[in-house]
Amino acid sequence: MSESPIAGSLPPPAPGAEHYLALDFVNSALALPGGHFVDLLGTPEAANRWLTGHGLAPADAGLREMCTTQLRSMREHLRALFAARVGGLPALPAALSAVNDALTRAPTAALLRWDDRTGPYRAAPHPADEILDHTLAALAANTADLLTGPDAGRLTACGSAPCNRYLLRHGRRHWCSTRCGDRARAARAYARRARPTAG
């Protein structure tokens, strides 16, 4: 597959991504028509932009390739869990281990702090050098919330090839975007016209 840097060709976030960050995260590797592929975590700079845009890291976090590789690895584990849930299959043990390891690696609750002048406040318990651990923990927690919560039954894969994104189904809609829906309807219409008629 070729790499396509054209941001204008990217679909909008899939339905449900506004409530579940993990959904947007697993959809950060996109298969597009024409054999194009876009990886929004493909380079440290791109991954830093994605994390910054989702409030998970400051713009100057300075991710390195090792961190980016860990993010992509977590994305594949989460995609495997989503695929298992959608397909009604058992989860891969490695994917479960990756999520549980991330959940235990970093505390996610804001701690109680005390300022002598202004009094008590809540603050995240991590220094800037632990951004990756906290990002992975937040994504793992969000994934666990989705897969065990009331929306789990709505999780589905986009029904328009070659799209590889996941979404939360609303009604009968099985597409992640209007563009994918239009493509699926056009393919069905073409198949009906191409079908030989009985004479």
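The following paragraphs examine the structure supplied in this document. Just so it is clear, the structure is predicted and the values come from calculations on it, not from any experiment. (Residues numbered from 1 in each chain as written. Predicted model: local features only at pLDDT ≥ 70, side-chain atom pairs only at ≥ 80, totals over all residues. Heavy atoms only, no water.)

1. Here we look at unusual backbone geometry
Generally, phi is negative for residues other than glycine and the peptide bonds are trans, each holding for most cases.
Step number 1: Here the residue pair A161 and P162 is connected by a cis peptide bond, since its omega of 5° sits within 30 degrees of zero.
Step number 2: Turning to its location among the elements, P162 is positioned in the loop between β6 (155–157) and β7 (166–168). (Helix = DSSP H or I, 4+ residues; strand = E, 2+ residues; numbered from the N terminus.)

2. Re empty space enclosed by the protein
Step number 1: A full pass over the atoms with the stated rule returns 1 cavity of 30 Å³ or more.
Step number 2: In this model, the largest cavity occupies a volume close to 80 Å³.
Step number 3: Taken together, 13 residues form the lining of the largest cavity, with P11, A31, L32, C180 and R183 sitting closest to its centre.
Step number 4: Counting residues per element, the ones that place at least two in the lining of the largest cavity are β2 (29–32) and α6 (178–194).
Step number 5: Each residue belonging to the lining of the largest cavity can be placed in one class, and the counts come to 7 nonpolar, 3 polar and 3 charged. (1 Å grid on protein atoms, 1.4 Å probe; cavity = no way out; pocket = protein on both sides within 12 Å on 5 of 7 lines; lining within 4 Å. Points joined across faces, edges and corners; volume = space filled by probe spheres on them. Nonpolar A, V, L, I, M, F, W, Y, C, P; charged D, E, K, R; others polar.)

3. Describing the environment of R105
Step number 1: With respect to the helices and strands, R105 occurs in helix α4 (residues 93–105).
Step number 2: Take R105: its relative accessible area is 34%, and that puts it in the partly exposed class.
Step number 3: A C-alpha to C-alpha distance of 8.7 Å links R105 and L136, two positions 31 residues apart in sequence.
Step number 4: If we skip the residues at most four places from it in the chain, R105 touches Q70, D133 and L136.
Step number 5: At a separation of 2.8 Å, a polar atom in the side chain of R105 contacts the side chain of D101. (Buried < 20%, exposed > 50% of the residue type's maximum accessible area, 1.4 Å probe, protein only. Contact = heavy atoms within 4.5 Å. Polar contact = N/O pair within 3.5 Å; in protein donor to acceptor, adjacent residues only side chain to side chain.)

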